Amino acid sequence: MENVQLSEPQKELIRDTWQIVNQDQIHHGTVLFTRLFELEPELVFLFQYNSANFSSVQECLNSSEFTEHIRKVSDSRTVMTVIDAAVRSLDSLLSLEEYLTGLGRKHRATGVKLESFNTVGESLLYALESGLGDMFTSDTRDAWSRLYTIVVSAMSKGWWRDPEGQ
């Protein structure tokens, strides 16, 4: 995984702020995806459910299938689920490497561009800032940016690997 380290104060800051944001995953997940689709509108076409073809970002965001996508804790594609796993594993992030590498491989298979990982990071920071208000300080931004860098590093390895792990 990325050789970015998190200090103990950064880990605590991440845990504390995630506890606040995670209380309403549906709302904050919707904020994140709304921002994501504003930055990269073509990503909405990756979220087609049960043959539903969304003609607009708003149609996707308003669909019950999309709300369920955000809600499902077991859905490994959900950004909020990945972030929650990373927060729960702050003291042992290496334990997530195989999971994140596989997730990167799955994202490539579904047509996600590697550059879109950066857009997701920007959207995550936007959602955190929106949810935390004044609590979203420069230290908070730095801590979350470092964590996201670690997550994306592992996912990128999977994105580059072929299905046989080469």
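What you see is a predicted model, and the numbers here were worked out from it, not measured in a lab.

### Side note on the overall build of the chain
(1) Moving on: Of the regular secondary structure elements, the chain holds eight helices and zero strands.
(2) Moving on: Across the chain, helices and strands are ordered from the amino to the carboxyl terminus as α-α-α-α-α-α-α-α.
(3) Moving on: Taking all 166 residues of the chain together, 47% fall into the buried category.
(4) Moving on: Long-range contacts, defined here as pairs at least 24 residues apart, represent 71% of the contacts in the chain between residues at least 6 apart.

### Considering the side chain of Thr119
(1) Moving on: As for its placement among the helices and strands, Thr119 is situated in helix α7 (residues 116–132).
(2) Moving on: If sequence neighbours within four positions are ignored, Thr119 has contacts with Leu36, Leu39 and Glu40.

### Some remarks on the environment of Asp139
(1) Moving on: Along the chain, Asp139 turns up in helix α8 (residues 138–160).
(2) Moving on: You can call Asp139 exposed: its relative accessible area is 53%.
(3) Moving on: Sequence separation between Asp139 and Ile14 is 125 residues, and the spatial gap between their C-alpha atoms is 9.9 Å.

### Focus on the pattern of salt bridges
When their charged atoms lie close together, side chains carrying opposite charge are able to pair.
(1) Moving on: Taken as a whole, this structure holds 11 salt bridges when the rule is applied.
(2) Moving on: Notably, a salt bridge pairs Glu12 with Arg15, separated by 3.9 Å at the nearest N-O pair. Taken together, the positions of Glu12 and Arg15, both in helix α1 (residues 8–21) and three residues apart, correspond to about one turn of that helix.
(3) Moving on: Residue classification places Arg15 among the partly exposed residues on the basis of a relative accessible area of 25%.
(4) Moving on: A salt bridge links Asp142 to Arg146; the nearest nitrogen and oxygen atoms lie 3.2 Å apart. Residue Asp142 and its partner Arg146 are both found in helix α8; the two are separated by four residues, about one turn of the helix.

### Focus on the confidence of the model for the chain
(1) Moving on: Across the chain, the average pLDDT comes to 83, with 84% of residues at or above 70.
(2) Moving on: In this model, residues 73–77 is a region of pLDDT below 50 whose contacts with residues beyond four sequence positions or in other chains number 11 contacts.

### Observations concerning the packing of aromatic side chains
(1) Moving on: In the structure shown here, the tally under the stated rule is three aromatic pairs.
(2) Moving on: Ring geometry for Trp18 versus Trp144: centroids 5.8 Å apart, planes at 50 degrees, classification tilted. On the criterion of sequence distance, the pair formed by Trp18 in helix α1 and Trp144 in helix α8 is long-range, its members being 126 residues apart.
(3) Moving on: A relative accessible area of 3% places Trp18 in the buried class.
(4) Moving on: Since its relative accessible area comes to 1%, Trp144 is described here as buried.

### Some points on the side chain of Thr101
(1) Moving on: Along the chain, Thr101 turns up in helix α6 (residues 97–109).
(2) Moving on: Of the residues examined, Thr101 reaches a relative accessible area of 6% and is grouped as buried.
(3) Moving on: Beyond its immediate sequence surroundings of up to four residues, Thr101 is in contact with Ala154, Lys157, Gly158 and Arg161.

### A word on helix α2 (residues 25–39)
(1) Moving on: Here α2 spans 21 Å end to end across 15 residues, near enough to the 21 Å set by a 1.5 Å rise per residue.
(2) Moving on: Listing the buried residues of α2 in full gives Gln25, His28, Gly29, Val31, Leu32, Phe33, Leu36 and Phe37.
(3) Moving on: Where α2 begins, the side chain of Asp24 points an oxygen toward the backbone nitrogen of His27, at a separation of 3.2 Å.

Rules behind the numbers
- Residues numbered from 1 in each chain as written.
- Predicted model: local features only at pLDDT ≥ 70, side-chain atom pairs only at ≥ 80, totals over all residues.
- Heavy atoms only, no water.
- Helix = DSSP H or I, 4+ residues; strand = E, 2+ residues; numbered from the N terminus.
- Buried < 20%, exposed > 50% of the residue type's maximum accessible area, 1.4 Å probe, protein only.
- Contact = heavy atoms within 4.5 Å.
- Salt bridge = Lys/Arg side-chain N within 4 Å of Asp/Glu carboxyl O.
- pLDDT = per-residue confidence, 0-100.
- Phe/Tyr/Trp six-rings, centres within 6.5 Å; stacked < 30°, edge-to-face > 60°.
- Expected span 1.5 Å × (residues − 1).
- Polar contact = N/O pair within 3.5 Å; in protein donor to acceptor, adjacent residues only side chain to side chain.

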